[in-house]
Amino acid sequence: MNGWMGAILYIDLSERTHWVERPDLDVYHRHIGGKGLCGAYFLPWATDPWDAPETPLLFMTGPLVGTASPTSGRMHVMSRSPLTGTIGDASVGGKLGGQIKRAGYDGIVLTGRCDHLSGIEIMDASVTFHDAQALVGLDTGTVYEKIKGKGATAVVGPAAEQGVLFSCIMVDGSYAVGRNGLGGVFAGKNLKYLTVKGSGTVAVHDKAALKKAREDIHRLIASSPILLGEQGLTHFGTGAVYDLMDSRRMMPTANFRATYFPAAHNLNAPAFKKRYGDKRTGCRGCHILCKRVADDGTHLPEFETMSHFTALIENEDMETVTRANSLCAALGMDTITAGATLSCYAEIEDRKLSGKEALSLLEDIGHGRGVGRELARGSYRYAASRGHPELSMSVKKQELAAYDPRGAYGMALAYATSTRGGCHLRAYPISHEILRKPVATDRFSFAGKARIIKIAEDVNAVVDSLTACKFVFFASSLEEYAKAFTAVTGVTTTAQDLLHAGERIYYNERIMNALNGFTAVDDDLPSRFFTEPGSSGNAIDIPPINRTDFLEARRDYYRVRGLDADGRPTREKADELGLDWNPEDTTETPS
Amino acid sequence: MKELVDKYAHKLVAAGLAEPGAPLVGGLDANLVWNRTDPACAELEQVFAGLNINSLLFAEPAEPYRSIIAYLASNAKGAIRPSDCETRTMMHDLPVVDRFEANAIVAALKQRKSVIIPGHGIVAWGMVSPEQAFIFFSSVCFACFVKFFADYLVDSRAGRLSNEQRSVFEVAIPLLDKFPDTSPTLMNGPFTHEDAVYNALIEAGRVTVAHHLVDSFFGNVSYRFGDTLYISQTGSSLDELEGCIDPCPIDGSSCAGITASSELTAHREIVLNTGMNAVLHGHPKFSVILSLDCQKEDCPFAGQCHTRCPEARFVEDIPIVPGEVGTGPFGLCNTLPPAMQDRRGVIVYGHGLFTVAQDDFNVAFANLMDIERRCRDLYCAMLSLY
Ligand code: SF4
Ligand SMILES: [Zn+2]
């Protein structure tokens, strides 16, 4: 086998046993890797509660991981989301994926639960269990320092141990399996850390063809102003997008009550660079390097964190943002949900939080203290408990990212239909609505967006399966990655063949959600976006979204995606994609 | 959708790439719409069914592209492989199939952005907008035009022109754009307020397109006003720059220009190095064709001319430099700005022409046109030698 290792490592934490499964080639061909393999392996467990011991937690790599294919240092993690009850998954960078491959596996399936807090150390074929009780309550950075010599690492912090529903898994010190609260699943298995070290290599079918594909992709990356351009990700990190959200009047401000934050121009990426310095870092195998580290070694916030810890909570102090970012990483919490939960709290309390209070609330959440215990359940549950669920700016109980949907209608539709709740990355329509790639679309129109969103979801499902980084697709496309895939695996394919697999991968997620009772009611935005305008100005008008237009676009999306009028899978489409779908298996309501 | 399919059908004709009434453009969201009815729609609907896309464009190219593409396709062995920058960066190669039939078209379009079907036309797709299909179609026309004339010169010099080549050449030459006797008069600078800068940029973009000094509608244009460089956005149509100009502070204090042209760095360096305020960039065809024409034998960099050419090459007073789009290690941002010192223009190998001027776009545009005219004259003069 080339590209794939042909082996999946199973670890039963209850029995402290492990074994290797060798999937048929056909499994790889159908599901590619990463997100695709995750979905295929998770389907039988889709309706189990997230905290049931048997519910698996999956770490899957793709065929390109560990090869010279550009941005192949990423991998995918999946389980049931504690926060949303949907399928829960995230792409993550660092070197974990590469080490899993070098150890001889395409992925790791963790099932069961350790009887006490433990760590697992994998070195090639050896899997050992270690008592981690001495690490209980320790922050992710401290644990990372203790274990980083053992290979690539995945760690949870106090937040996960405290049952914070948006806790994350920190990979290799600074890469977060951020959204959906998968840290809770990890901790729920009584795991504190995982390390992986491998000594093997990944076989590549045709190195010369891979070199050619790599050159083609690099040429496109170099031509992209958003990636290598002087104001782009390479030079300013993902925060480069901050000014654009400001100038386009779509920066979520004051819990989405406004879309313009007057202090933004003092808090942009150039200002961070001036204050903290400009060391670049990033995932294995990537030369874009979109992460930033301060001169003193502190990891600097990414765009979403910058935006939510400034405009969304109305904070004008840069140091508070950096400290909030470090705190979330140390405690092991998703910064998007954390920021948006604080802003929801502030709105319900009807006051502005001081920087000091915001930081102390984060500590309280992560350590399970005071009101922090309530906020630890995310903004939706907190707002509902106060009688105001409508003040949670979330979809399927997961908080929205730093793009106001009133400023980009494709984004509005994509937030609503995402299979993991309020997520900007499933279809990332900001690419064409704001960044003009591959070409610009009208951001204030739903025309054509249903199919555009559907295709983009399929594309990104492939990207997360290969695996590669979505950012590269501002410049490159599956056309070039299909060549890389064939060069690595020897399997002849085309961009459109991969896209077909992407459609299957995404539809499988709709099936898993439908099995848990999710329907059209859940594919919706908070009412604020249909009733309140954003902050018009700069010759840009930001009216509320027209509800009828939104519902029509969602109806069109269901048609294009092959779902019924209630957003549920159809047998016809499932058959066409070679998937099983039995409506009778559905549970009553989403949990 | 209907608006978009109509718009790009119209633009294809306006650009001289298809005859009026020829373009057939389909856009698919939940429903499929065409700009007009045509018997070919049925077959193309099968193509839609076989691909995950949202738009298709089918048209027979206008002359001289029709004859040029037909000639290249007849010798293509599956795909035409031009060596201009656009093909290298975006299209990779241009597949050819021998019949207008859905399965054959789908098979080609599964891998590439366009397909040529001799005797029928070109089919191209978009995943986000018919604009993509339009761009791919026009890239095919541009790349084939450049390849035909570049090959013609080489073959003529080697004394191996075929009759077929000669007859296509005879079709093409009378159809080449006529250069106007005088350059149009554009807004006079130096500009004293921002609005004038925006208007001057919009005007410069529009005349560049009107004189066909671009392939499709792409190129870029900038003007320095105070501490800000105003520049056209990435992927913007030069004839529609309203709302598509980014003000980029020269001191780098904002990233709001992240959507600016890929050539922002080159423009800024040119402005800073030369003290000129206006920079204009188009893709005039004969400038590109001559840049490809190098007679050096046994060059160790053969095949890598676009990135590694070490020679100081010129068309008269105009330098030709290597360099790829953007800012990578081989980016034209490294080669173009130094070459622009004390020059009125610079050609980037296989790509296009940049010109500069002090206060407004009059001189920059006049030079763009003049250099292209000189390149075409020189091309013809070289042919008459053989
Ligand atoms: S662009 Fe950033 S997130 Fe993507 S692979 Fe590179 S470093 Fe990682
Ligand atoms: Zn150009």
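For clarity, every value in this text was computed on a predicted model and none was experimentally measured. (Residues numbered from 1 in each chain as written. Chains lettered and ligands numbered in written order. Predicted model: local features only at pLDDT ≥ 70, side-chain atom pairs only at ≥ 80, totals over all residues. Heavy atoms only, no water.)

Asker: Describe in detail the overall build of chain A, supporting the description with residues and values.
Answerer: Along its length, chain A carries 24 helices and 16 strands. For chain A, the C-alpha radius of gyration of 22 Å lies close to 25 Å, the compact-globule estimate for 591 residues. For chain A, the C-alpha atoms occupy an extent of roughly 55 × 55 × 50 Å along the three principal directions. For chain A, the residues scored as buried account for 68% of the 591 residues in total. With an accessible surface of roughly 18,300 Å², chain A has 49% of that area assigned to carbon and sulfur atoms. The average position of the 66 basic charges and that of the 71 acidic charges among the side chains of chain A differ by 4 Å. (Helix = DSSP H or I, 4+ residues; strand = E, 2+ residues; numbered from the N terminus. Rg over C-alpha atoms; globule rule 2.2 N^0.38 Å. Buried < 20%, exposed > 50% of the residue type's maximum accessible area, 1.4 Å probe, protein only. Areas by Shrake-Rupley, 256 points an atom, 1.4 Å probe, with all protein chains shown as cover. Lys, Arg positive; Asp, Glu negative; His and termini not counted. Charge placed at Lys NZ, Arg CZ, Asp CG, Glu CD.)

Asker: Can you explain the domain arrangement of chain B? Please cite residues and give values.
Answerer: Residues and elements named next belong to chain B. Taken domain by domain, chain B holds domain 1 (2-157) and domain 2 (194-383). Each of domain 1 and domain 2 has a C-alpha centre, and these two points are 27 Å apart. Contacts between the two partners involve 26 residues from domain 1, matched on the other side by 27 residues from domain 2. A combined buried area of about 2,200 Å² lies between domain 1 and domain 2, and 65% of that area is made up of carbon and sulfur atoms. If you look at where domain 1 meets domain 2, you find four salt bridges. Among the ionic pairs, Lys11 bridges to Glu240, the shortest N-O distance being 2.6 Å. There are ten residue pairs in polar contact (both at pLDDT 80 or more) connecting domain 1 and domain 2. Ranked by the residues each element gives to the side of domain 1 that touches domain 2, the list is headed by helix H6 (residues 130-157), at 15 residues. (Domains from an automatic or database assignment. Contact = heavy atoms within 4.5 Å. Buried area = accessible area lost by both parts, 1.4 Å probe. Salt bridge = Lys/Arg side-chain N within 4 Å of Asp/Glu carboxyl O. Polar contact = N/O pair within 3.5 Å; in protein donor to acceptor, adjacent residues only side chain to side chain.)

Asker: Explain the environment of Ile336(A) residue by residue, including any values.
Answerer: Residues and elements named next belong to chain A. With respect to the helices and strands, Ile336 occurs in helix H13 (residues 335-349). Relative accessible area serves as the criterion here: at 5%, Ile336 is assigned to the buried category. It is 9.6 Å that separates the C-alpha atoms of Ile336 and Met306, two residues lying 30 residues apart in sequence. The contact partners of Ile336, leaving out residues within four places of it in the chain, are Arg179, Glu304, His308, Glu399, Leu400, Ala401 and His424.

Asker: Outline the interface of chain B and chain A, supporting the account with residue identities and numerical values.
Answerer: In this complex, chain B contributes 52 residues to the contact, which on the side of chain A involves 51 residues. Both sides of the chain B and chain A interface together cover about 4,100 Å² of buried area, and 52% of this is carbon and sulfur. Remark: the boundary between chain B and chain A carries six salt bridges. Lys113(B) is paired through a salt bridge with Glu480(A); the nearest N and O atoms lie 3.8 Å apart. For the pair chain B and chain A, the interface holds 30 residue pairs in polar contact (both at pLDDT 80 or more).

Asker: Can you break down the sheet that holds strand S2 (residues 32-34) of chain B residue by residue, with the values?
Answerer: Strands belonging to one sheet form pairs held by backbone hydrogen bonds; the direction of such a pair is parallel or antiparallel. All names here are of chain B. Strand order in the open sheet formed by five strands is S2-S1-S3-S7-S6, with antiparallel pairing between adjacent strands. For this open sheet the edge positions go to S2 and strand S6 (114-117), each flanked by a neighbour on one side alone. Sheet twist, expressed as the mean angle between neighbouring strand axes with direction ignored, is 15°. In this sheet, strand S7 (residues 121-126) lies alongside strand S3 (residues 55-59) in antiparallel orientation, the contact comprising five bridges. Each residue of the ladder has a partner; that of Leu56, found in S7, is Trp125. (Pairing = 2+ DSSP bridges. Axes fitted to C-alpha atoms, helices over the stretch in contact; angles between N-to-C directions.)

Asker: Could you give me a rundown of the coordination of the zinc ion (ligand 2), with the residues and numbers involved?
Answerer: Each pair of donors in an ideal octahedron of six around a metal sits at 90 or 180 degrees, and each pair in an ideal tetrahedron of four sits at 109.5 degrees. Residues and elements named next belong to chain B. Within the protein, the atoms that donate to the zinc ion (ligand 2) are His281 (NE2), His283 (NE2) and His351 (NE2), at distances of 2.0 to 2.1 Å. Considered as a linear motif, the donors of the zinc ion (ligand 2) on their single chain read H-x1-H-x67-H. Highlighted residues: His281 in strand S11 (residues 278-282) and His351 in the loop between strand S14 (345-348) and strand S15 (352-357), separated in sequence by 70 residues. (Donors = N, O, S within 2.8 Å, 3.2 Å for Na, K, Ca; no water.)

Asker: Tell me about the pattern of salt bridges, residues and numbers included.
Answerer: Residue and element names in this part refer to chain A. Following the criterion strictly, the structure yields 61 salt bridges over all chains and no others. Of the charged contacts, one joins Asp216 and Lys212 as a salt bridge, the two residues approaching to 2.7 Å between their closest N and O atoms. With a gap of four residues between them, Asp216 and Lys212 both fall in helix H7 (residues 207-222), about one helical turn apart. By relative accessible area, Asp216 is classed as buried at 10%. Residue Arg528 is joined to Glu532 by a salt bridge in which the shortest nitrogen-to-oxygen separation is 3.0 Å. Judged by relative accessible area, Arg528 falls into the buried class, the value being 6%. Here the salt bridges do not stand alone but share partners, grouping Lys454, Glu457, Asp458, Glu503, Arg561, Lys573 and Glu576 into one network.

Asker: Please give an account of the site of ligand 1 that cites residues and values.
Answerer: Near ligand 1 you find Thr71(A), Arg74(A), Gly282(A), Cys283(A), Cys286(A), Ile288(A), Leu289(A), Cys290(A), Lys291(A), Cys469(A) and Phe471(A), and these make up its full shell. A per-class count over the shell around ligand 1 returns seven nonpolar, two polar and two charged. (Near = heavy atom within 4 Å. Nonpolar A, V, L, I, M, F, W, Y, C, P; charged D, E, K, R; others polar.)

Asker: Go over unusual backbone geometry with me, naming the residues and quoting the values.
Answerer: Residue and element names in this part refer to chain A. The omega torsion across Lys437 and Pro438 is 0°, close enough to zero to call that bond cis. If you trace the backbone, Pro438 turns up in the loop between helix H18 (430-433) and helix H19 (449-466). The phi dihedral of Asn180 is positive, around 80°, even though this residue is not glycine. Checked against the element boundaries, Asn180 lands in the loop between strand S11 (175-177) and helix H6 (182-188). Note on Asn180: relative accessible area 0%, which makes it buried. Although it is not a glycine, Glu314 adopts a positive phi angle of roughly 60°.

Asker: Give a detailed account of the domain arrangement of chain A, specifying residues and quantitative values.
Answerer: All names here are of chain A. For chain A, the assigned domains are domain 1 (8-197), domain 2 (239-404) and domain 3 (408-474 + 494-591). Each of domain 1 and domain 3 was reduced to a C-alpha centroid, and the two centroids are 27 Å apart. Summing the contributions of domain 1 and of domain 3, the shared interface buries around 2,600 Å²; its carbon and sulfur component is 56%. It is Arg30, Ile32 and Lys35 in domain 1 that bury the most area against domain 3; as a group they hold 25% of the surface buried on that side. At the junction of domain 1 with domain 3, the criterion picks out two salt bridges. Note that Lys35 is salt-bridged to Glu509, the shortest N-O span being 3.0 Å. At the boundary of domain 1 and domain 3, one finds 19 residue pairs in polar contact (both at pLDDT 80 or more). For the side of domain 1 that touches domain 3, the elements supplying multiple residues, two or more each, are helix H1 (25-31), helix H2 (34-42), strand S4 (75-80) and strand S5 (87-92). Counting residues per element, the side of domain 1 that touches domain 3 draws most heavily on H2, at six residues.

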